[in-house]
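# Residue-level structure breakdown
Each chain, letter by letter, is given below.
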Amino acid sequence: MKYKAAINITLRPSILDPQGSAALKSLKSLNYTFVDSVRIGKFMEVVVEANDIIIAEALVRELCQVLLTNPVMEDYTLTLTEV
Amino acid sequence: MKFAVILFPGSNCEVDCVHVIKEVLQEPVTTVWHKDTDLSEFDAVILPGGFSYGDYLRCGAIARFSPIMEAVIAHAKAGKPVLGICNGFQILTECGLLPGVLLRNRSLQFICEDRFIRVENNLTQFTHQYSKHQVLRIPIAHAEGNYYADPETIEKLESENRVVFRYCDEQGNLTEESNPNGAMNHIAGIINEAGNVLGMMPHPERLSEIILGGDDGLALFESMLKTWRDRI
């Protein structure tokens, strides 16, 4: 079976996000005064082969831990769908 | 003293390092391709600056899995010196030889200019030819040099005197403007617990000859050489 993992990677809350701050300032300068905050992260789609969705999730979490994210600065969430 | 300078795809400061070791320090040096796996003949390893693997994913994240990195880690665990400059520092944090991470510069800009750093710890094998709190003028060239670690790690680094270099002004003051990238506690370089792995964002190899406008970086390489000579 093939599963597609949608991985959302965000900077940990304690980490300043200068890109997000710059985007926020720009939105404010465009008079979007209702915008409260902007945080910029990454989105990845990874397709894996696995016998079932539980194994697929474990495999993708391993990929995140080993290479795709750096836990010192990033958090991630993921959702899996069969493809 | 036999130096190895590791060449990753995308490294771009390896020639400067080789030049300083060979022509200025006058010691043997070899450029080692990242697919090699053996560093046993070398006394010191330098991870040079650049953009290994195009900085894809995160700076240094892919380089840490290059075949040579197992040998670099073994070299470090054996207590031999490893110097990571700029992208080399980023690789050292990604592979876990040094704590923390280098975040995007506070200004979001790539900064390429001479800056001042202060020698915080001159009792390391990389800095004993400097005096304590000596101010160095030294080039920086990076977009991700904003050192970050969790508060416990920062406290540990500070209490163990492992912050080796801090950004400062020309007089050695830690002013807000003197911190080019927003690094926590003005950190420009740190050393591991064992004292044999140094990571720094500034480029000592770029200012090690008077003909290039200054040689504040040279004493770092001379410190390494003297440590090695005193040991044999």
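Residues numbered from 1 in each chain as written. Chains lettered and ligands numbered in written order. Predicted model: local features only at pLDDT ≥ 70, side-chain atom pairs only at ≥ 80, totals over all residues. Heavy atoms only, no water.

## Comments concerning the overall build of chain B
In terms of regular secondary structure, chain B is built from five helices and 11 strands. Scaling as 2.2 N^0.38, a compact globule of 232 residues should have a C-alpha radius of gyration of about 17 Å, and chain B matches this with 16 Å. The principal-axis extents of the C-alpha atoms in chain B amount to approximately 45 × 40 × 35 Å. The 232 residues of chain B split such that 59% are buried. Once local pairs closer than 6 in sequence are excluded, the contacts in chain B between residues at least 24 apart make up 75%. Only carbon and sulfur atoms are counted for the fraction: they give 50% of the accessible area of chain B, which is about 9300 Å². Of note, chain B has its 20 positive side-chain charges centred 3 Å away from the centre of its 31 negative side-chain charges. (Helix = DSSP H or I, 4+ residues; strand = E, 2+ residues; numbered from the N terminus. Rg over C-alpha atoms; globule rule 2.2 N^0.38 Å. Buried < 20%, exposed > 50% of the residue type's maximum accessible area, 1.4 Å probe, protein only. Contact = heavy atoms within 4.5 Å. Areas by Shrake-Rupley, 256 points an atom, 1.4 Å probe, with all protein chains shown as cover. Lys, Arg positive; Asp, Glu negative; His and termini not counted. Charge placed at Lys NZ, Arg CZ, Asp CG, Glu CD.)

## Topic: the confidence of the model for chain A
On average, residues of chain A score 96 in pLDDT, and 100% of them reach the 70 mark or higher. Per-element averaging of pLDDT across chain A places helix α1 (residues 18-29) of chain A at the bottom with 94 and strand β2 (residues 42-49) of chain A at the top with 98. (pLDDT = per-residue confidence, 0-100.)

## Some remarks on the interface of chain A and chain B
Residue-level contacts link 15 residues of chain A with 15 residues of chain B. Buried area between chain A and chain B, both sides added, is near 1200 Å², and the carbon and sulfur share of it is 68%. In this structure, the salt-bridge partner of Arg58 of chain B is Glu74 of chain A, at a minimum N-O distance of 3.9 Å. Within the residue set of the side of chain A that touches chain B, elements represented by two or more residues are α1, β2 and α2 (53-68) of chain A. The residue makeup of the side of chain A that touches chain B, split by class, is nine nonpolar, four polar and two charged. (Buried area = accessible area lost by both parts, 1.4 Å probe. Salt bridge = Lys/Arg side-chain N within 4 Å of Asp/Glu carboxyl O. Nonpolar A, V, L, I, M, F, W, Y, C, P; charged D, E, K, R; others polar.)

## A few points about the environment of Lys42 of chain A
Tracing the backbone shows Lys42 of chain A in strand β2. With a relative accessible area of 28%, Lys42 of chain A lands in the partly exposed category. Those residues in contact with Lys42 of chain A that lie beyond four places of it in its chain are Ile7, Asn8, Ile9 and Glu74 of chain A together with Leu57 and Arg58 of chain B. In this structure the side chain of Lys42 of chain A is engaged in a polar contact, spanning 2.6 Å, whose partner is the backbone oxygen of Leu57 of chain B. (Polar contact = N/O pair within 3.5 Å; in protein donor to acceptor, adjacent residues only side chain to side chain.)

## With respect to the side chain of Asn105 of chain B
Residue placement: Asn105 of chain B occurs in the loop between β5 (101-103) and β6 (111-119). Classification of Asn105 of chain B as buried rests on a relative accessible area of 0%. The residues touching Asn105 of chain B, leaving out its near neighbours within four places in the chain, are Pro18 of chain A together with Ile111, His142, Ala143, Glu144, Gly145, Asn146 and Asn181 of chain B.

## Description of unusual backbone geometry
All names here are of chain B. Of note in this structure, Tyr53 is not a glycine but carries a positive phi near 55°. Counting through the fold element by element, Tyr53 comes out in the loop between β3 (44-47) and α2 (68-77). Classification of Tyr53 by relative accessible area gives partly exposed; the value is 25%.

## Description of a nonpolar patch on the surface
Among the surface-exposed residues, Leu30, Tyr32 and Phe34 of chain A lie close enough to one another that they form a single nonpolar patch of about 370 Å² accessible area. Structurally, the position occupied by Tyr32 of chain A is in the loop between α1 and β2. (Patch = residues over 30% accessible without salt bridge, like charges linked within 9 Å, V, L, I, M, F, W, Y side chains within 5 Å.)

## Considering the sheet that holds β3 of chain B
All names here are of chain B. Pairing in this open sheet of nine strands is mixed, and the strands run β2-β1-β3-β4-β11-β10-β9-β6-β7 from one edge to the other. Taken across any chain shown, the strands that pair with only one partner, and hence form the sheet edges, are β2 (29-33) and β7 (135-142). Recorded for the sheet is a direction-independent mean angle of 25° between the axes of neighbouring strands. Of the strand pairs in this sheet, strand β10 (residues 187-191) and strand β11 (residues 197-200) are connected by three bridges, and their pairing is antiparallel. (Pairing = 2+ DSSP bridges. Axes fitted to C-alpha atoms, helices over the stretch in contact; angles between N-to-C directions.)

## What about the packing of aromatic side chains?
Summed over all chains, the structure comprises three aromatic pairs over all chains. Both rings, one in Tyr32 of chain A and one in Phe34 of chain A, keep their centres 5.8 Å apart while their planes meet at 80°; by these two values the pair is edge-to-face. By relative accessible area, which is 66% here, Phe34 of chain A ends up exposed. A centroid spacing of 6.1 Å and a plane angle of 10° characterise the contact between Phe89 of chain B and Tyr147 of chain B, whose relative ring orientation is stacked. Linking Phe89 of chain B in helix α3 (residues 87-94) with Tyr147 of chain B in strand β8 (residues 146-148), this pair joins segments that are 58 residues apart in sequence. The same class applies to Phe89 of chain B and to Tyr147 of chain B, which are both buried. (Phe/Tyr/Trp six-rings, centres within 6.5 Å; stacked < 30°, edge-to-face > 60°.)

## Digging into helix α1 (residues 14-24) of chain B
Residues and elements named next belong to chain B. Among the residues of α1, Glu14, Cys17, Val18, Val20 and Ile21 are the ones counted as buried. The buried side chains of α1 occupy one side of the element, clustering within an arc of 160° when seen end-on. On the buried face of α1, the contacting elements are β1 (3-7), β2, β3, β4 (82-85) and α5 (218-231). The first or second residue beyond α1 is Gln26, which carries a positive phi of 60°. (Arc of directions from axis to C-beta.)

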